[in-house]
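Structural description and commentary
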Amino acid sequence: MEQTKFVLGEEHLPTHWYNVQADLPEPLPPVIHPGRMDPVTPDDLAPIFPMELIKQEVSQERWIEIPEPVRDVYKLWRPTPLYRALRWEKALGTPARVYYKWEGVSPPGSHKPNTAVAQAYYNKMEGQTRISTETGAGQWGSALSFACNLLDLECKVYMVGISYEQKPYRKSMMEAWGAKIAPSPSSDTSFGRKLLEEDPDQPGSLGIAISEAVEDAVTNDGTKYSLGSVLNHVLMHQTVIGQELKQQLEMADDYPDMLIGCIGGGSSMGGFAFPFVPDKITDGKDLQFICVEPMASPSVTKGMYRYDFGDTAATTPLLKMYTLGHSFIPAPIHAGGLRYHGMAPLICHLNELGIMESRAEHQVPVFEAAVSFARAEGIIPAPEPSHAIKVAMDEALKCKETGEEKAIVFNLCGHGHFDMGAYDTFFSGQLVNYEYPMDKMEAALAELPEVPAEYQ
Ligand SMILES: Cc1ncc(COP(=O)(O)O)c(C=O)c1O
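Here is a short report on the structure shown in this document. (Residues numbered from 1 in each chain as written. Predicted model: local features only at pLDDT ≥ 70, side-chain atom pairs only at ≥ 80, totals over all residues. Heavy atoms only, no water.)

Turning to the pattern of salt bridges, a few remarks are in order. Scanning the model with the defined rule gives 25 salt bridges in all. A salt bridge links Glu-126 to Lys-224, with the nearest nitrogen and oxygen atoms 3.3 Å apart. One end of the pair, Glu-126, is in the loop between α5 (113-125) and β6 (130-135); the other, Lys-224, is in strand β9 (residues 223-225), and 98 residues separate them in sequence. Given the relative accessible area of 35%, Glu-126 is considered partly exposed. Take Lys-224: its relative accessible area is 11%, and that puts it in the buried class. Lys-156 is the salt-bridge partner of Asp-188, the closest N and O atoms lying 2.7 Å from each other. Of this pair, Asp-188 sits in the loop between β8 (180-184) and α9 (190-198) while Lys-156 sits in strand β7 (residues 154-160); the two residues are 32 residues apart in sequence, bridging distant segments of the chain. Since its relative accessible area comes to 42%, Asp-188 is described here as partly exposed. A single salt-bridge network, built from bridges that share partners, covers Arg-78, Lys-101, Glu-103 and Glu-244. (Salt bridge = Lys/Arg side-chain N within 4 Å of Asp/Glu carboxyl O. Helix = DSSP H or I, 4+ residues; strand = E, 2+ residues; numbered from the N terminus. Buried < 20%, exposed > 50% of the residue type's maximum accessible area, 1.4 Å probe, protein only.)

What follows is about the sheet that holds strand β5 (residues 97-102). Each strand in a sheet pairs with its neighbour through backbone hydrogen bonds, running either in the same direction (parallel) or in the opposite one (antiparallel). Taken in spatial order, the seven strands line up as β1-β4-β5-β15-β10-β11-β14 in an open sheet, and their pairing is mixed. The open sheet terminates on both sides in strands that have one partner only, identified here as β1 (5-6) and β14 (357-361). As judged from the five bridges shared by strand β10 (residues 258-262) and strand β11 (residues 288-294), these two strands associate in the parallel manner. The partner of Leu-259 across the bridge, within β11, is Phe-289. (Pairing = 2+ DSSP bridges.)

Another point: helix α10 (residues 206-219). Spanning 14 residues, α10 covers 20 Å between terminal C-alpha atoms, matching the ideal 20 Å at 1.5 Å per step. Among the residues of α10, Gly-207, Ile-208, Ala-209, Ile-210, Ser-211, Glu-212, Ala-213, Val-214, Glu-215, Asp-216 and Ala-217 are the ones counted as buried. Looking at the packing, one finds that the buried side of α10 touches β6, β7, β8, α9 and β9. (Expected span 1.5 Å × (residues − 1). Contact = heavy atoms within 4.5 Å.)

By the definition in use, this model includes 19 aromatic pairs. Here the aromatic rings of Tyr-100 and Phe-410 are separated by 5.7 Å at their centres, their planes lie at 25°, and the arrangement is stacked. With Tyr-100 in strand β5 and Phe-410 in strand β15 (residues 407-412), this residue pair connects regions lying 310 residues apart in the sequence. The pair Tyr-100 / Phe-410 is uniform in exposure class, with both members buried. For Lys-246, the ring lying beneath its charged end belongs to Phe-276, and the centroid distance is 5.2 Å. A cation over a ring is seen here: Lys-285 above Tyr-255, with NZ or CZ 4.6 Å from the ring centre. (Phe/Tyr/Trp six-rings, centres within 6.5 Å; stacked < 30°, edge-to-face > 60°. Lys NZ or Arg CZ within 6 Å of the ring centre and 35° of its normal.)

Quick look at the environment of Val-218 now. Looking at the secondary structure, you find Val-218 in helix α10. Taking the C-alpha atoms as reference points, Val-218 and Ile-48, separated by 170 residues in sequence, lie 6.6 Å from one another. In contact with Val-218, not counting residues within four places along its chain, are Pro-47 and Ile-48.

A word on the state of the cysteines. On inspection of all chains with the given rule, the structure shows zero disulfides. With no disulfide of its own, Cys-148 lies 4.1 Å from the sulfur of Cys-155, the closest cysteine sulfur. Judged by its relative accessible area of 1%, Cys-148 is buried. This cysteine, Cys-413, is not joined by any disulfide, and Cys-262 carries the nearest cysteine sulfur, 3.9 Å off. Of the residues examined, Cys-413 reaches a relative accessible area of 5% and is grouped as buried. (Disulfide = S-S within 2.5 Å.)

Attention now moves to the nonpolar core. Tyr-225, Met-269, Phe-274, Phe-289, Ile-347 and Met-356 are the most contacted members of the largest nonpolar core, which totals 55 residues. Those elements giving two or more residues to this core turn out to be β7, α10, α11 (232-237), α12 (240-251), α13 (267-273), β11, β13 (318-323) and α16 (345-352). Here this core takes five residues from α10, the largest share from any one element. Those residues within four positions of Phe-274 in sequence are excluded, and the remaining contacts are Tyr-18, Val-20, Leu-235, Thr-239, Met-269, Leu-346, Ile-347, Leu-350 and Met-356. If you look at the next biggest cluster of nonpolar residues, it comprises 35 residues, including Trp-17, Trp-77, Leu-153 and Val-240. (Core = buried A, V, L, I, M, F, W, Y, C linked by side-chain atoms within 4.5 Å.)

Turning our attention to the packing of α9 against α10. Closest axis-to-axis distance for the α9/α10 pair is 8 Å, and the angle between their directions is 140°. Considering the angle they form, α9 stands oblique to α10. Where α9 approaches α10, its residues Ser-190, Phe-191, Gly-192 and Leu-195 are matched on the opposing element by Ile-208, Ser-211, Glu-212 and Glu-215. Split into classes, the residues belonging to the contact of α9 with α10 amount to three nonpolar, three polar and two charged. (Axes fitted to C-alpha atoms, helices over the stretch in contact; angles between N-to-C directions. Parallel < 35°, antiparallel > 145°, perpendicular 65-115°, else oblique. Nonpolar A, V, L, I, M, F, W, Y, C, P; charged D, E, K, R; others polar.)

Let us look at the site of the ligand. Taken together, 15 residues are adjacent to the ligand, and Ser-229, Gly-264, Gly-266, Ser-267 and Ser-268 come closest. Lys-112 is positioned with one of its side-chain polar atoms (N or O) 3.3 Å from an oxygen atom of the ligand. One of the side-chain N or O atoms of Ser-268 is found 2.6 Å from an oxygen atom in the ligand. For the shell around the ligand, the class distribution of residues is four nonpolar, nine polar and two charged. (Near = heavy atom within 4 Å. Polar contact = N/O pair within 3.5 Å; in protein donor to acceptor, adjacent residues only side chain to side chain.)

Quick look at the structure:
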C-alpha cells in the first residue's frame, strides 16, 4: 500500500537555518538609502530592527544556528508533515506523484510563526519589551501575537481597517494571545490621526499600516518593528520548511521535478525552495522552481526589475525588486497575503538569473483548484497557497496528457478556516477575476524613485 504521509520525529528538526546568499552565483544588489542614495549601513536600520537580525540580513554564512529556545517553540508543531496527495492524484487521473508540505498545522495556521518566533526571540534578547507590526488579512498578525505571547513580549498590531471589519475572528485570535490591535488608520499614531482627519471612513491599506507600525516603533521606548516577509532574514527563517522536505522526500524515496509555491512577499516560497537551490546550480539537477502570483498583483511576471520603496508611504530603504510601483494598490482579491506591489529581493534575483520562474493566475480558477483539492484531500486551503494548487493541478493534468510520471511538490502554507467568506462568494457565483491592471501599473511605475546609474 502507498504511504500517505511522511512524518519526522522532533530529533529531525533542523538545527540551522540555510542562507542561500552563500550560494548565489552573483551577489544581491545592495539596499539603498533613499535620502543619501548609497548602500544602507547597520546603523541606518538599528532604530527599527534588533542588531542580530540586521547581521543576518547581510550575512554570507551558509548556515546560521537556530537558538535552542526557538527550536523549543518550533517543537509545538514542527516538523510538519509531508503528504502524498494520493486521493487527489486519483481524482485527477494523473500518473504524476503529487506531494504537499503542510504548514497549516502551526497554532496560528500558517508558515508565518517560523520567523515570528525567531524575531520575537532576538528582540527579547536585545532587551526590547514590545513589538509593533502591521497585518493585512491577519495571518502575520496572528503569528506574531502567538510568538510574543510565548516569549513574554507585548505585541501591537495595526490591522488594515477593512480586514478588521471583515475578519473579526482573526482579531479575536490575536486577542486570545494577548496582543493589542488597532484598526488602521488609527488614532494611536500621528500619521493615522492625520488620515482620519482627512477621511474618517478611510478603509486603510497595508502601506498605511506599515507606516503606523514603524512610527510606533520609533516613538516608543523598548519597541521595535517586525516584518513578516520580503527581507532576507525572514526568508532564511522559513528554510526549516525546505530542509524538512528534503528529509521527507528521501523517506519517500523520491526527488522533485518541480517545487511550486505562492508568492506574496516571497517568504514561504523562499523557505520551501532555497534548500534545493544548490542541487540545481551546483549539482546540475533538472529541477523547476515555480513561483505563483495573482493576476491582480503580478509583480514578477509583469512588473519592472527596479529599485523601489517597500511601503506605500515611501519611507523604507530602496530594494531592487520586481515592482508594480509602491503607489499601486492591488484589487481586493481574497488572497490578502498576495496583495503586495513588490517581492522579496532574493526571489527576484533568482528569477532574474533564470534559476526560478513565475506564473500569474486569476482567482476564480484558483478557487476551483482549491475546491477540487479540498474534496479529495479534506484540507481547506487558504486562498494564497491555492495559487500553488492551481499550478500543481495544471502540471498534473499535463502529465495525464503526456503520460509523464513527474514528482510535483507544492507548499500548502496555510489553512483557509478564516477565509470561508471568500469560499461563500465563490460558491454563490459572485467571485470575479480582476484583469491585469495595465493602466494603474503604468501610472504607479511612473513614480519609481531614481537611483544613481551605478546601482540600476
Ligand atoms: C497563508 C499565507 N500564504 C502566503 C502568504 C504570502 O506571503 P509570503 O509570500 O511571504 O509567504 C501569506 C501572507 O500573509 C499567507 O498568510
